[in-house]
Amino acid sequence: MIDTLQVKITENSNPRLASTEFKDIAFGKIFTDHMFMADFEDGEWKNLQILPYGPIPMSPAISALHYGQAIFEGMKAYRLPNGEVSVFRADKNFERFNISADRMSMPVLPEEVFMQGVAALIGIDKGWVPTQENYALYLRPVMFATESSLGVKPSETYKFIILASPTGPYYTKALKVKIETKYTRANEGGVGYAKTAGNYARSLYPFAEAQKEGFDQLIWTDSATHTLIEESGAANVMFVLDGKLITPAVGETILNGVTRDTIIVLAKNKGITVEERKVTVNEIIAGAKNGTLTEAFAVGTAATVTQIGEIGYDGELYQLSESTTRIISTGIAKELSDIRNGLVEDRFGWNWVV
Ligand SMILES: *Cc1c(COP(=O)(O)O)cnc(C)c1O
């Protein structure tokens with residue numbers, strides 16, 4: 001796509017590809033033979049390189065470790081039937097990366113560094129893009145502050161790295177989720193719309209508490225009133241209520257997911273009424289009680305569409321419809337999967353063949 005920057009390449013002399021078993025691969029544990037790296041110093045991005053995946057030397061005083069100036073992205077590369085590799089909607093991830101960077105007082109990353117980094121990494125590790133159905137190569141761009149200084153201020157230096165990790169299908173069991181009314185993921189004026197490290201750190205404790213009660217995941221509510229639904233875990237959440245697809249409107253506390261946006265486009269295209277608005281806990285619970293809530297699911301890059309089977313709220317557990325009856329979400333999930341894998345026409349120009 002872009003071919004203007006010089007990327008230095010150091011090949012891995014001990015490649016692991018041939019000895020890696022892809023079947024039943026756990027999410028995010030195995031990395032490809034290489035990674036992409038660039039440094040921000042003296043106000044510019046430099047030292048663009050591909051190098052063997054592995055540890056990097058760092059000062060223990062880097063500000064990312066102490067004050068959390070760190071952001072990331074997540075996207076996937078798919079194997080097309082003709083053997084080529086395509087990355088899904090990388091332009092959206094790039095855009096969001098800089099929105100996150102801006103909120104965390106980090107430097108803008110030029111589009112060519114992001115895109116060329118992805119292209120160079122896939123170029124050298126193409127053999128790692130799985131060919132099996134429902135498998136993909138997960139790409140993880142990350143930027144973090146590297147200045148060795150304990151002063152609380154934006155770092156002067158940063159590293160941008162892209163890792164790649166082959167992933168298989170997420171488990172398909174419908175989840176038992178708890179509507180969380182004590183802890184929150186995000187708040188007005190905060191950083192919920194940014195993909196920044198601290199958002200995930202703060203969610204671990206409430207998640208562990210919910211797991212102790214037997215839940216698989218949380219549905220977050222707004223911090224002021226706990227009456228509005230925001231997201232599910234680290235994914236956006238959608239419902240089919242009275243035949244309409246409803247989802248919380250994105251804003252300061254709700255991350256603007258690429259999968260969410262994609263599903264909305266596909267749903268509208270199928271003639272389904274979509275409402276992006278405030279979604280109240282009350283209407284969802286009422287719908288679960290009277291049967292008008294026919295589908296509930298979480299959407300994100302890692303798992304695409306994850307069905308929600310049971311919702312816990314205020315000490316009660318509400319059983320939702322069987323996953324097999326959920327024609328809207330399963331239909332859209334299938335269409336999305338077919339587009340990404342090049343099995344149907346890419347009508348919206350979402351696939352970037354690298
Ligand atoms: C990454 C993420 C999502 C999903 O975004 P996608 O672009 O669809 O992967 C949703 N919510 C949170 C909090 C996230 O971090």
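Residues numbered from 1 in each chain as written. Predicted model: local features only at pLDDT ≥ 70, side-chain atom pairs only at ≥ 80, totals over all residues. Heavy atoms only, no water.

Visitor: Before we move on, could you go through the packing of aromatic side chains and cite the residues and values that matter?
Guide: All told, the structure shown has 15 aromatic pairs when counted by the stated rule. Seen from their ring centres, tyrosine 183 and tyrosine 205 are 5.7 Å apart, and the 85° between their planes marks the pair as edge-to-face. Here tyrosine 183, found in the loop between strand E9 (175-179) and helix H4 (197-212), pairs with tyrosine 205, found in helix H4; they are 22 residues apart in sequence, far enough to count as distant. Note on tyrosine 183: relative accessible area 24%, which makes it partly exposed. (Phe/Tyr/Trp six-rings, centres within 6.5 Å; stacked < 30°, edge-to-face > 60°. Helix = DSSP H or I, 4+ residues; strand = E, 2+ residues; numbered from the N terminus. Buried < 20%, exposed > 50% of the residue type's maximum accessible area, 1.4 Å probe, protein only.)

Visitor: Tell me about the site of the ligand, and name the residues and values.
Guide: In the vicinity of the ligand there are 14 residues, among which Lys195, Tyr200, Glu231, Thr259 and Thr301 approach most closely. Between an oxygen atom of the ligand and a side-chain N or O atom of lysine 195, the distance comes to 2.7 Å. Tyrosine 200 is positioned such that a nitrogen or oxygen atom in its side chain is 2.2 Å from an oxygen atom of the ligand. Look at the ligand: alone it shows 380 Å² of surface, and the protein chains cover 96% of it. (Near = heavy atom within 4 Å. Polar contact = N/O pair within 3.5 Å; in protein donor to acceptor, adjacent residues only side chain to side chain. Areas by Shrake-Rupley, 256 points an atom, 1.4 Å probe, with all protein chains shown as cover.)

Visitor: Just give me the short version of the side chain of glutamate 231, but keep the residues and values in it.
Guide: Note that glutamate 231 resides in strand E11 (residues 229-232). A residue is classified by how much of its surface remains accessible, and glutamate 231, at 3% relative accessible area, is buried. Within polar-contact distance, the side chain of glutamate 231 engages the side chain of arginine 185 at 3.0 Å. Here the side chain of glutamate 231 touches leucine 255 through a polar contact of 2.9 Å, landing on its backbone nitrogen.

Visitor: Describe in detail empty space enclosed by the protein, supporting the description with residues and values.
Guide: A complete count under the given rule lists one cavity of 30 Å³ or more for this structure. Taken as a whole, the largest cavity encloses approximately 90 Å³ of empty space. Among the elements of the structure, strand E5 (75-79), helix H5 (258-269) and helix H7 (327-340) are those that each provide at least two residues to the lining of the largest cavity. Top contributing element to the lining of the largest cavity by residue count: E5, with three residues. Tallied by class, the residues present in the lining of the largest cavity amount to five nonpolar, four polar and two charged. (1 Å grid on protein atoms, 1.4 Å probe; cavity = no way out; pocket = protein on both sides within 12 Å on 5 of 7 lines; lining within 4 Å. Points joined across faces, edges and corners; volume = space filled by probe spheres on them. Nonpolar A, V, L, I, M, F, W, Y, C, P; charged D, E, K, R; others polar.)

Visitor: Describe the domain arrangement of the protein, naming the residues involved and giving the relevant values.
Guide: Segmenting the protein into domains produces domain 1 (4-168) and domain 2 (175-340). Inter-centroid distance (C-alpha atoms) of domain 1 to domain 2 is 28 Å. Facing 21 residues of domain 1, the contacting portion of domain 2 comprises 20 residues. Interface area for domain 1 against domain 2, summed over the two sides, is near 1800 Å², with a carbon-plus-sulfur share of 59%. Scanning the region where domain 1 abuts domain 2 turns up one salt bridge. Across the pair arginine 89 and aspartate 261 runs a salt bridge whose closest N-O atoms are separated by 2.9 Å. (Domains from an automatic or database assignment. Contact = heavy atoms within 4.5 Å. Buried area = accessible area lost by both parts, 1.4 Å probe. Salt bridge = Lys/Arg side-chain N within 4 Å of Asp/Glu carboxyl O.)

Visitor: Summarise the packing of helix H2 (residues 90-103) against helix H3 (residues 111-124); cite the residues concerned and give the values.
Guide: For any two helices packed against each other, one specifies the inter-axial angle together with the distance between the axes. At a closest axis distance of 10 Å, the pairing of H2 and H3 adopts a crossing angle of 135°. Overall, the two elements H2 and H3 adopt an arrangement that is oblique. The handedness of the crossing between H2 and H3 comes out as right-handed. Note on element contacts: H3 touches H2 through Glu111, Phe114 and Met115, opposite Ala90, Asp91, Asn93, Phe94 and Phe97. Its residues placed into classes, the contact of H2 with H3 shows five nonpolar, one polar and two charged. (Axes fitted to C-alpha atoms, helices over the stretch in contact; angles between N-to-C directions. Parallel < 35°, antiparallel > 145°, perpendicular 65-115°, else oblique. Left-handed = near helix turned anticlockwise from the far one by under 90°.)

Visitor: Account for the pairing of strand E15 (residues 293-300), with residues named and values stated.
Guide: The element E15 is largely enclosed, with a buried count of seven among its eight residues. Pairing of strand E12 (residues 236-241) with E15 involves six bridges; the strand directions are antiparallel. When the sheet's bridge partners are listed, valine 237 is paired in E15 with alanine 298. Summarising the sheet, E15 and strand E16 (residues 304-313) pair through four bridges and their orientation is antiparallel. By the bridge assignment for E16, valine 299 is matched with valine 305. (Pairing = 2+ DSSP bridges.)

Visitor: So, the packing of H5 against H7: which residues are in play, and what are the values?
Guide: Running from amino to carboxyl end, H5 crosses H7 at an angle of 110°, the nearest separation of the two axes being 10 Å. Considering the angle they form, H5 stands roughly perpendicular to H7. Contacts between H5 and H7 involve Thr259, Thr262, Ile263, Leu266 and Ala267 on the former and, on the latter, Ile332, Glu335, Leu336 and Ile339. Residue composition of the contact of H5 with H7, grouped by class: six nonpolar, two polar and one charged.

Visitor: Lay out H2 with the relevant residues and their values.
Guide: Since the α-helix packs 3.6 residues into each turn, any two residues three or four apart lie on the same face. Here H2 contains 14 residues, and its C-alpha end-to-end distance of 20 Å stays within 8% of the 20 Å for a straight helix at 1.5 Å per residue. What H2 keeps buried is the set Ala90, Asn93, Phe94, Arg96, Phe97, Asn98, Ser100 and Ala101. Positive phi shows up at serine 105, right after H2, with a value of about 55°. (Expected span 1.5 Å × (residues − 1).)

Visitor: Break down the nonpolar core for me, with residues and values.
Guide: Counting 50 residues, the largest nonpolar core has Phe36, Trp45, Val87, Leu139, Met143 and Phe160 as the members making the most contacts within it. Here this core gets seven residues from one element, more than from any other, and that element is H3. Beyond its immediate stretch of four places on either side in the chain, phenylalanine 36 contacts Val7, Leu48, Gln49, Ile50, Val113, Gly117, Leu121, Phe160, Ile161 and Ile162. (Core = buried A, V, L, I, M, F, W, Y, C linked by side-chain atoms within 4.5 Å.)

Visitor: Describe the layout of surface pockets, and please don't skip the residues or the numbers.
Guide: In this structure, the largest pocket spans a volume of roughly 1200 Å³. Tyr170, Tyr200, Ala234, Ala235 and Ala302 are the residues nearest the centre of the largest pocket, which is lined by 41 residues in total. No other element matches H4, which puts six residues into the lining of the largest pocket. Looking at the lining of the largest pocket residue by residue, the classes come out as 22 nonpolar, 12 polar and seven charged. Within this model, the second largest pocket holds a volume of roughly 910 Å³. If you trace the second largest pocket, you find 33 residues lining it, with Asn134, Ala303, Thr304, Ala333 and Ser337 closest to the centre. Among the elements that line the lining of the second largest pocket, the one with the most residues is H7, at six residues. Of the residues belonging to the lining of the second largest pocket, the class tally is 14 nonpolar, 13 polar and six charged. When residues of the lining of the second largest pocket are sorted by domain, at least three fall in each of domain 1 (4-168) and domain 2 (175-340).

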